[in-house]
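The chain contents come next:
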Amino acid sequence: MTSSSDRSPAVDVHAPKSYEIRTYGCQMNVHDSERLAGLLEEAGYVRAPEGSDGDADVVVFNTCAVRENADNRLYGNLGRLAPRKASRPGMQIAVGGCLAQKDRDTIVKKAPWVDVVFGTHNIGKLPVLLERARVQEEAQVEIAESLEAFPSTLPTRRESAYAAWVSISVGCNNTCTFCIVPALRGKEKDRRPGEILAEVEALVAEGVSEITLLGQNVNAYGSDIGDREAFSKLLRACGTIEGLERVRFTSPHPRDFTDDVIAAMAETPNVMPQLHMPLQSGSDTVLKAMRRSYRQSRYLDIIRKVREAIPHAAITTDIIVGFPGETEEDFEETLHVVREARFAQAFTFQYSKRPGTPAATMENQIPKEVVQARYERLVALQEEISWEENKKQVGRTLELMVAEGEGRKDDTTHRLSGRAADNRLVHFTKPDQEVRPGDVVTVEVTYAAPHHLLAEGPVLDVRRTRAGDAWEKRNAEKAAKPAGVLLGLPKIGAPAPLPVATSGCGCD
């Protein structure tokens, strides 16, 4: 007879299972992960406590295939989870996203302890696939070749209570030689304007005050529904939604950036004076090899028109250094555009082969040491320009939307952080009165660094907002809930309502 002291600890079989999602890549993946979280919570799972680091009952990898070593990173992480899974019966691992769409059966062959592999077109199937893998006790690989349902129809657990991504399209019709995303996300498919605006209105009713319109090629919106001015009309329509204070969008393509969009930005008060316009290269020769359907003169003309219409606009960009065949003269052309455009910030990348793209097999791949040297020169130039442009902000009075988690040193410096209308990051002195994420403060800029601004004087004004109320409500609800548990079975019956939330691109 076994004594009570010999028995294993009791397991609460009615406790909900926990989940953890690890996200890699672009804003589109971030938003997809919000949907995956919503699907799992609707199915009865609870989010694992912060810092669980693989201790959840279900660990989901939402992958990116853009970088050359993306698969190495994934398999390294999967390998680290293998012994943990072996010691925890019932634990499941799922892999989704672009790398899953590309590699399919390869993932299970290389990591046979993975339970589910799903693609970019069928993220809504994750809970079903997890249950099927559990019942059948074998891996489930399901990769849809085309979109089964527009992702925005799926439940969503948004990461922010005051700012939200709103997807207006998925897929891309471009054929850039360095990018594999169109092959994995498919051709562009647009949502109907009424569906988009209904989602925005619902978010605002929940307390959201800032939205970012999201698409792989966001300003090509309308090509699927036959209206070339659909994107500018959508921006103007967002301007009529009461309570919506800030509208942003990412990422546009210079080919589709038309004058009607510039006019809509300039004439719609809640469309922010901020533009992310990917350059990739300043050389016409390299742009042609990239299959980028614009040239240097066209790009600089867009920048000129935006600055004329919106003088205080902050313009950011993406640049690739060391594309196959790039000469020193080609690189100098990129530096020329950087000097002319005077970007507020540039996201600079050293070219890396993307398996499955035409550029990966091109001749004249640039030696690593050459790419590194050019990259360092570009970064040094852009840092200088960013600092000069930020110094122009000193003395200006700015309205900031208070942000959560933007300032790593806020606690030690007794500061808070927020985003200006042009999306510049500003750290400001914490006022005596309570200020919540989503609230709006008015400050005077006193100091500029290359990547942020400081407002060291007293806050001039604090405006409490419905977005701040939504943040406060969400955190009160979160504090009232018990912490997620790491054992047990999914609960039975109707799931609890999703929390009020939001947060919030694509490839270009």
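Starting from 1, residues in each chain are numbered consecutively following that chain's sequence as written. Since the coordinates come from a predicted model, pLDDT governs what is reported: local features require at least 70, and pairs of side-chain atoms require 80 or more to be given and counted, while whole-chain, interface and lining totals use all residues. With hydrogens and water stripped out, all remaining heavy atoms of the structure feed into the side-chain values.

**Student:** Where do I start with the nonpolar core in this structure?
**Tutor:** Grouped burial of nonpolar side chains is what soluble globular proteins tend to show. Within the largest apolar cluster, 54 residues are counted, with the highest numbers of intra-cluster contacts made by Ile211, Leu213, Leu235 and Phe257. Throughout, a residue-residue contact means that at least one pair of heavy atoms, one from each residue, lies within 4.5 Å. With residues up to four places along the chain from it excluded, the contact list for leucine 213 reads Val166, Ile168, Val218, Phe231, Leu234, Leu235, Cys238, Val247, Arg248, Phe249 and Thr250. Take the buried residues of types Ala, Val, Leu, Ile, Met, Phe, Trp, Tyr and Cys, join any two whose side-chain atoms come within 4.5 Å, and each joined set is a nonpolar core. Accessible area is worked out with a 1.4 Å probe on protein chains only. A residue is then buried under 20% of its type maximum, exposed over 50%, and partly exposed in between. Ala48, Leu81, Ala111 and Ile143 belong to the second largest nonpolar core, which has 25 residues in total.

**Student:** What is the right way to read the sheet that holds strand 19 (residues 447–448) from this model?
**Tutor:** Backbone-to-backbone hydrogen bonds pair the strands of a sheet. The strands run either parallel or antiparallel. Here the rule is simple: two strands pair whenever DSSP picks up at least two bridges between them. Put simply, DSSP H or I for four residues or longer makes a helix, DSSP E for two residues or longer makes a strand, and each gets a number counted from the N terminus. Taken together, 7 strands build an open sheet; the order of strands is 19-20-17-16-15-18-21 and the sheet is mixed. Lying at the two open borders of the sheet, with one neighbouring strand each, are strand 19 and strand 21 (461–463). Of the pairings in the sheet, the one linking strand 16 (residues 415–419) to strand 17 (residues 425–429) comprises 5 bridges and is antiparallel in character. Looking at the pairing, serine 417 lines up with histidine 427 of strand 17.

**Student:** Hey, could you run me through unusual backbone geometry in this one?
**Tutor:** Leaving glycine out, the prevailing phi sign among residues is negative, and the prevailing peptide bond configuration is trans. At the junction of threonine 250 and serine 251, the peptide bond is cis and its omega measures out at -10 degrees in the coordinates. Here serine 251 shows up in the loop between strand 11 (246–250) and helix 9 (259–267). The backbone phi angle of asparagine 423 is positive, close to 75 degrees, even though this residue is not glycine. Looking at the element boundaries, asparagine 423 is found in the loop between strand 16 and strand 17.

**Student:** How should the sheet that holds strand 12 (residues 274–276) be read in this particular structure?
**Tutor:** Sheet architecture is open: 3 strands sit in the order 12-13-14, paired in parallel fashion. Either end of the sheet is taken by a strand with one partner, and the two such strands are strand 12 and strand 14 (345–350). Between one strand axis and the next, the sheet turns by 10 degrees as a mean value, whatever way the strands run. Bridge analysis of strand 13 (residues 314–321) against strand 14 gives 6 bridges, and the strand direction is parallel. The residue bridging threonine 317 from the neighbouring strand is alanine 346, located in strand 14. Only the stretch in contact is used when a helix axis is fitted, and all axes are lines through C-alpha atoms; the angle between N-to-C directions ranges over 0 to 180 degrees.

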